[in-house]
Amino acid sequence: MSHFLKAAVAAIALATSSGALAANSIPQDLPAVDVHQAIKDVQSKANLSIKFKDDDEDMWQVAGRRGDCEDIVLWKRQQLMQLGFSADDLEVLVLIKPKSKRAGGVREGHVVLRVKSADMVMDNVERFPMNYAEYMKRYDYRLVCEAVDFRPSMRVQDRCRPRA
Ligand SMILES: [Ca+2]
């Protein structure tokens, strides 16, 4: 399926599941794709349904009703893939603040989801997705790597794809 078509199907699936569009009223001509709306909807669904709860062991698992930043990212990634976004379009980014204090010998890091095709970042502390460049600038983050291995317990560096 082409990216365009997948995104269109995703937009329809989301509209249908949220009750905004009855299944029998899907038009024959596909509507203008609103990938941004789909991303926004997943973001707000996560904000409403998942309660932030930190874990000391840095375990990566798809959030249920609770989770921390990486768990919520995995949940959003799963949701977007169910809506037709491709795995290649969804980057799990590990970030760090250059000046953050060390806590227990480890500098405070953060994990966010970037949707490459829309150039948007989804962060659990934000109400809405943000443009990637604006986001990085606002928070003064440094990109550590893109995580590509999501098994529950691993060292961060073992999760990462080397970046060119
Ligand atoms: Ca976790």
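Residues numbered from 1 in each chain as written. Predicted model: local features only at pLDDT ≥ 70, side-chain atom pairs only at ≥ 80, totals over all residues.

### A word on the overall build of the chain
Part 1 of the argument: The helix and strand inventory of the chain stands at five helices and 10 strands.
Part 2 of the argument: Residues counted as buried form 29% of the 164 residues belonging to the chain.
Part 3 of the argument: Long-range pairs, those at least 24 residues apart, make up 50% of the contacts in the chain with a sequence separation of at least 6. (Helix = DSSP H or I, 4+ residues; strand = E, 2+ residues; numbered from the N terminus. Buried ≥ 20, exposed ≤ 12 C-beta atoms within 10 Å, placed from the backbone. Contact = placed C-beta atoms within 7 Å.)

### Quick notes on the sheet that holds strand β9 (residues 142-147)
Part 1 of the argument: Taken in spatial order, the six strands make up an open sheet running β8-β7-β6-β3-β9-β10, and their pairing is antiparallel. Of all the strands in the sheet, just β8 (130-131) and β10 (160-161) have a single pairing partner and so form its edges.
Part 2 of the argument: Seen against the sheet, helix α3 (residues 69-82) touches β3 (90-96), β6 (109-115) and β7 (120-122) and runs at an angle of roughly 10° to β6. (Pairing = 2+ DSSP bridges. Axes fitted to C-alpha atoms, helices over the stretch in contact; angles between N-to-C directions.)

### Concerning unusual backbone geometry
Most of the time, phi is negative for any residue but glycine, and the peptide bond is trans.
Part 1 of the argument: Phi is positive for D58, close to 60°, though the residue is something other than glycine.
Part 2 of the argument: Residue classification places D58 among the partly exposed positions, given that 16 C-beta atoms sit within 10 Å.

### Focus on the pairing of β6
Part 1 of the argument: Within β6, six of the seven residues are buried, which leaves it mostly tucked inside the rest of the structure.
Part 2 of the argument: Note: β3 against β6, seven bridges, orientation antiparallel. Opposite L93, over in β6, you have V112 as the bridge partner.
Part 3 of the argument: Relative to β7, β6 is paired through three bridges, and the arrangement is antiparallel. From the neighbouring strand, V115 faces β7, where its bridge partner is M120.
Part 4 of the argument: Taking the residues between adjacent antiparallel strands as the criterion, β6 and β7 are bridged by four residues, where D119 takes a positive phi near 55°.

### Brief notes about the pairing of β9
Part 1 of the argument: With five bridges connecting them, β3 and β9 associate as antiparallel partners. If you follow L95 over to β9, its bridge partner there is L143.
Part 2 of the argument: Two strands pair when backbone bridges link them, and β9 and β10 are joined in this way by two bridges, in the antiparallel orientation. Within the sheet, the bridge partner assigned to A147 lies in β10 and is C160.

### Concerning the nonpolar core
Part 1 of the argument: Membership of the largest hydrophobic core comes to 28 residues, with the highest contact counts inside it found for I39, V73, V92, L93, V111, V112 and M122.
Part 2 of the argument: Looking at this core, the elements that each hand over two or more residues are α2 (35-49), α3, β3, β6 and β7.
Part 3 of the argument: Here the element with the most residues in this core is α3; it accounts for six residues. (Core = buried A, V, L, I, M, F, W, Y, C linked by C-beta atoms within 7 Å.)

### A short note on the environment of A133
Part 1 of the argument: Along the chain, the position of A133 falls in helix α4 (residues 132-139).
Part 2 of the argument: Considered as a pair, A133 and M120 are 13 residues apart in the sequence and their alpha carbons are 8.7 Å apart.

### Looking at the environment of R65
Part 1 of the argument: Locating R65 in the fold gives a position in the loop between β1 (51-52) and β2 (66-67).
Part 2 of the argument: Other than its neighbours up to four places away in sequence, R65 contacts I50 and K51.

### With respect to α2
Part 1 of the argument: With 15 residues, α2 extends 21 Å between its outermost C-alpha atoms, agreeing within 8% with the 21 Å of an ideal straight helix rising 1.5 Å per residue.
Part 2 of the argument: The complete set of buried residues in α2 reads V35, A38, I39, V42 and Q43. End-on view of α2: buried residues confined to an arc of 135°, all on one side of the axis. (Expected span 1.5 Å × (residues − 1). Arc of directions from axis to C-beta.)

### Regarding the confidence of the model for the chain
Part 1 of the argument: Of all residues in the chain, 73% have pLDDT values of 70 or greater, and the mean over the chain is 82.
Part 2 of the argument: Scored below 50 in pLDDT, residues 1-5 makes three contacts in the model with residues more than four places away or belonging to other chains.
Part 3 of the argument: Within the model, the stretch residues 18-32 combines pLDDT values under 50 with 10 contacts to residues more than four positions away or in other chains. (pLDDT = per-residue confidence, 0-100.)

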